Amino acid sequence: MRHLPVGPSLVMGAVLSLFPMAVRASGASIDLEDETSRQPLVAVDREVLASFADDSPGALLGPVVHERMPAGGAALLEERLRLASLAEPFLPVGALRVDRARSFCTATWLGEAAGHTYVLTAAHCLSAANASAMSETATFMGWDGTAIAGGTGWAFIPPQAVGSVMAADIALLRLPTRSIPTDHDGKRLAQPLLYVGQEEHTEPLHFVGYGSAATRAVVEAGTRRWGRAASPVYSTTTPELVTGHGAARLRTSPVPPEVDWARMAEGDSGSAWWQRLGGYWSVTAVASRGDPENPAFGPRSSTSFGTRVALFTDWARGIYPELATITDRQTVTAAKPFVSYDPTRDVHRGTVHYTVPPQEDASGPVWPTTGRTGPGGPAWYSTIRVLVRNEQTNDRVEVRLRGRRAGCGVDLPMEDARGCAVRGGAGALTVSFHEEDNPTLRQGSYVGRFEVEAKGVDMPDYRRRFPVHVKLSRLVEGTLSNASPFIVTLPRMVDPQFVLRGPAGTAGPTAHVPHGNARFGVIELTARDALQRQDHRIKLRVQRLLRCGAYRLPRIRGLEDRAPCAGGARSRGRLDISFSPADNAGLPAGLYRGKLWIQAVEDNRSTWLEMNLNIETLSER
């Protein structure tokens, strides 16, 4: 076994075998220490694969056939694979050059924050692996050759990878942003989704890389290509997914040849493994290493290994809180509805409807209907009742959501099974939150989850069950970073009392002083270092800025100072929370993440405040 060598090109092996492989049995795993003899597999040259593409382009592309990509009818296999690599889901993939390592790898753009771009790649592509955070100089080029990010930034690897990337061959790079990646229409790219779950074994893999097609007929460098491989199996000894020869012995049923003809090879290090799971494209692994082919049996006798992304999403979010996961895509918030993928892609005849199967924490439509009416006429949405948990108090309360589907150009209740003359008229499911449906819901942040099932009307065998996550934030939110304090103004309150509400372990002023002289109070809370995955205590300064009347100079006081204005004049209070390195001497270098909840109370009114902590103490380069 070996890491995929990094070099001047990225390589993908595109081959077909005359012998069908088989899919993995659910739950099976591969023991990488158990080497078995290779079976004789016969590689077919590129002309056969090109001929297959001519006869059955839909079968060759699989779910990619539904995705937008550049038009082209090129006869050459290389051009066909290049065009498929430019399908919209794969546009975040680009080429990475790491200067000190003198290496070229693949990486995947994840997004930007504060003038920096974050990309996902393999840890062994870096110049070193001797710390969880290291200075690195690199350049990331987008799908169209545009320089997306470049210069000196930071490279991050999981703690278990320090000194041994075999333990976790995955890395995030944070580089200065040079440009914003765009799609074929010049619009900003949507963030790719990182997979969170345990269903990787259920769908084929899709690779995108740069380099040569390692078939017996052609070896040519420098071209971006796409390829497919059979669904992976799980390693029992490393945090990896495995596909190819090493996984074949665990498969129990045939795999069509159009599903399994690509392998990772030299230069593909760091490339994303893509799968369409639950209807959504997501990154499930990062190409790490390979067991080389047996020359007697051709490229398809090799084995490819990818670091499993689902095991590292919490680590990655600690470094880049704004990254997107498949769970985020399946979430309804107070500000944004959940809109599902369109299942009519999967239904070959008729339409679908949606129901809420019996479950403990949710209820909704159970049976299909046609043309349901309400008090005001035809109904256009259904009501879903979900039990959610208040993160501040742990109380469970019920919220009401609206569920509707698009059908024939109009909104219909989610369970409405009416079709229309136009093929594919079922459309996506939309689940949304509305204040008017929840007039008694108190301030706070609420989380929950329920499941929905899409059912075929004319295809009764079609059933697809999927989760919908609920995350409702009904409070005042903000972020505290090194450069930006957390600042809240409460114009509707004259003299509020601020009460610390958590999380557990938070400490601060407990007694209120009517006319104090302290310039600031101190709050101490527990924050987690995203690099070492360890908790530390952090001190923050908290101040109230009071202005009594339009022409009075503001007064700065501690959190505990109520300091009412003289003569009953109305004040306009402002709360400032900041981080000072002087108050945190000895705090190790790291990326600290945490939360703080404060409740502002005045008479019978209250406002909840949520502060997200995002403090960086990495040493200057």
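Reading the values: rules and limits
Residues numbered from 1 in each chain as written. Predicted model: local features only at pLDDT ≥ 70, side-chain atom pairs only at ≥ 80, totals over all residues. Heavy atoms only, no water. Helix = DSSP H or I, 4+ residues; strand = E, 2+ residues; numbered from the N terminus. Buried < 20%, exposed > 50% of the residue type's maximum accessible area, 1.4 Å probe, protein only. Contact = heavy atoms within 4.5 Å. Areas by Shrake-Rupley, 256 points an atom, 1.4 Å probe, with all protein chains shown as cover. Core = buried A, V, L, I, M, F, W, Y, C linked by side-chain atoms within 4.5 Å. Pairing = 2+ DSSP bridges. Phe/Tyr/Trp six-rings, centres within 6.5 Å; stacked < 30°, edge-to-face > 60°. Axes fitted to C-alpha atoms, helices over the stretch in contact; angles between N-to-C directions. Polar contact = N/O pair within 3.5 Å; in protein donor to acceptor, adjacent residues only side chain to side chain. Salt bridge = Lys/Arg side-chain N within 4 Å of Asp/Glu carboxyl O. pLDDT = per-residue confidence, 0-100.

Peer 1: Hey, could you run me through the overall build of the protein in this one?
Peer 2: Looking only at helices and strands, the protein has 6 helices and 44 strands in total. When the 621 residues of the protein are sorted by exposure, 53% land in the buried category. For the protein, the share of sequence-separated contacts (at least 6 apart) that also reach a separation of at least 24 residues comes to 70%. Surface exposure of the protein reaches about 26500 Å², of which carbon and sulfur atoms provide 51%.

Peer 1: Could you clarify how one ought to interpret the nonpolar core in this entry?
Peer 2: Generally speaking, soluble globular proteins have nonpolar side chains that are buried together. Counting 76 residues, the largest nonpolar core has Phe156, Trp226 and Ile319 as the members making the most contacts within it. Filtering out sequence-adjacent residues up to four positions away, Phe156 remains in contact with Ser132, Ala133, Ile170, Ala171, Leu172, Arg174, Trp315, Ile319, Leu531, Leu591 and Leu618. With 35 residues, the next largest nonpolar core counts Ala324, Met414, Phe466 and Val468 among its residues.

Peer 1: Please explain the pairing of strand 17 (residues 240-244) as it appears in this structure.
Peer 2: In summary, the side chains of a regular strand alternate between the two faces of the sheet. The buried fraction of strand 17 amounts to 5 of the 5 residues, a majority that puts the element mostly inside the structure. Taken together, the 2 bridges between strand 16 (residues 233-235) and strand 17 define a ladder with antiparallel strand orientation. Bridge pairing in strand 17 links Val233 to Val242. Hairpin geometry of strand 16 and strand 17 is characterised by an intervening segment of 4 residues between the two adjacent antiparallel strands. Where strand 17 and strand 22 (residues 303-308) come together, 5 bridges link them in antiparallel fashion. Note that in strand 22 the partner of Glu240 across the bridge is Thr307.

Peer 1: Would you mind going over the packing of aromatic side chains with me for this structure?
Peer 2: Any two aromatic rings considered together are summarised by their centre-to-centre distance and by the angle between their planes. The final tally for this structure, using the stated rule, is 7 aromatic pairs. Ring geometry for Tyr280 against Tyr341: centres 5.5 Å apart, planes inclined by 80 degrees, an arrangement best described as edge-to-face. Residue Tyr280 is found in strand 21 (residues 280-291), and its partner Tyr341 is found in the loop between strand 25 (338-339) and strand 26 (352-355); the two are separated by 61 residues along the sequence. Aromatic side chains Phe338 and Phe466 sit 6.3 Å apart centroid to centroid with 45 degrees between the ring planes, which places their arrangement in the tilted category.

Peer 1: Where do I start with the sheet that holds strand 10 (residues 133-141) in this structure?
Peer 2: Whether parallel or antiparallel, the strands of a sheet pair through hydrogen bonds between backbone atoms. Spatially, 7-8-9-12-11-10 is the arrangement adopted by the 6 strands of the closed barrel, whose pairing is antiparallel. Adjacent strand axes in the sheet meet at a mean angle of 45 degrees when their direction is disregarded. Relative to strand 10, strand 7 (residues 93-98) is paired through 4 bridges, and the arrangement is antiparallel. Bridge pairing links Leu96 to Phe140 in strand 10.

Peer 1: What am I meant to see in the side chain of His201 here?
Peer 2: Relative to the helices and strands, His201 is located in the loop between strand 13 (193-194) and strand 14 (205-211). A polar contact of 3.1 Å, which involves the side chain of His201, links it to the side chain of Tyr234.

Peer 1: I would appreciate a short explanation of the pattern of salt bridges in the present structure.
Peer 2: Side chains that carry opposite charge are capable of pairing whenever their charged atoms lie near each other. Under the criterion given, the structure shown has 23 salt bridges. Arg474 is paired through a salt bridge with Glu435; the nearest N and O atoms lie 2.6 Å apart. Linking Arg474 in strand 35 (residues 463-474) with Glu435 in the loop between strand 33 (429-433) and strand 34 (444-456), this pair joins segments that are 39 residues apart in sequence. By relative accessible area, which is 16% here, Arg474 ends up buried. With a closest N to O distance of 2.5 Å, Arg465 and Glu451 form a salt bridge. Separated by 14 residues along the polypeptide, Arg465 in strand 35 and Glu451 in strand 34 bring together distant segments of the chain.

Peer 1: Would you mind showing me how to read the confidence of the model for the protein here?
Peer 2: Detailed reading of predicted coordinates is not advised where the pLDDT is low. Chain-level statistics for the protein give a pLDDT mean of 81 and a share of 76% at 70 or above. Scored below 50 in pLDDT, residues 7-48 makes 159 contacts in the model with residues more than four places away or belonging to other chains. With pLDDT under 50 throughout, residues 212-221 is counted as low confidence; its partners more than four residues away or in other chains account for 36 contacts.

Peer 1: How should the pairing of strand 33 be read in this particular structure?
Peer 2: The buried fraction of strand 33 amounts to 5 of the 5 residues, a majority that puts the element mostly inside the structure. Residues Leu429, Val431 and Phe433 line one face of strand 33 and the alternating positions Thr430 and Ser432 line the opposite face, and both faces are buried. Pairing between strand 25 and strand 33: 2 bridges, direction antiparallel. Note that in strand 33 the partner of Phe338 across the bridge is Val431. Note that strand 31 (residues 396-407) and strand 33 share 5 bridges and pair antiparallel.

Peer 1: For this particular structure, what's the right way to read the side chain of His469?
Peer 2: If you trace the backbone, His469 turns up in strand 35. Not counting residues up to four positions away in its chain, the partners in contact with His469 are Thr327, Gln330, Thr331, Val332, Gly448 and Arg449.

Peer 1: Would you mind showing me how to read unusual backbone geometry here?
Peer 2: Most of the time, phi is negative for any residue but glycine, and the peptide bond is trans. Of note, the amide linkage connecting Gly502 to Pro503 takes the cis form, showing an omega dihedral of 5 degrees. Looking at the element boundaries, Pro503 is found in the loop between strand 38 (497-502) and strand 39 (521-529).

Peer 1: Whenever I open this one, the environment of Leu401 confuses me. Can you help?
Peer 2: Note on placement: Leu401 falls in strand 31. Given a relative accessible area of 1%, Leu401 falls into the buried group. Measuring from C-alpha to C-alpha, the distance between Leu401 and Ser382 comes to 8.3 Å, with 19 residues separating the pair along the chain. With residues near it in sequence (within four places) discarded, Leu401 still touches Val332, Ser382, Thr383, Ile384, Val386, Val431, Ser432, Phe433, Phe450 and Val470.

Peer 1: What is the right way to read the environment of Val399 from this model?
Peer 2: With respect to the helices and strands, Val399 occurs in strand 31. On a C-alpha basis, the gap between Val399 and Phe433 in space is 8.6 Å, while along the polypeptide they are 34 residues apart. When near neighbours in sequence (up to four residues on either side) are disregarded, Val399 contacts Ile384, Arg385, Val386, Val388, Asn438, Leu441 and Leu472.

Peer 1: What exactly am I supposed to notice about the environment of Phe140 here?
Peer 2: Within the fold, Phe140 resides in strand 10. The class for Phe140 is buried, based on a relative accessible area of 1%. Each C-alpha atom, one on Phe140 and one on Val98, is 8.8 Å from the other, the two residues being 42 residues apart in sequence.

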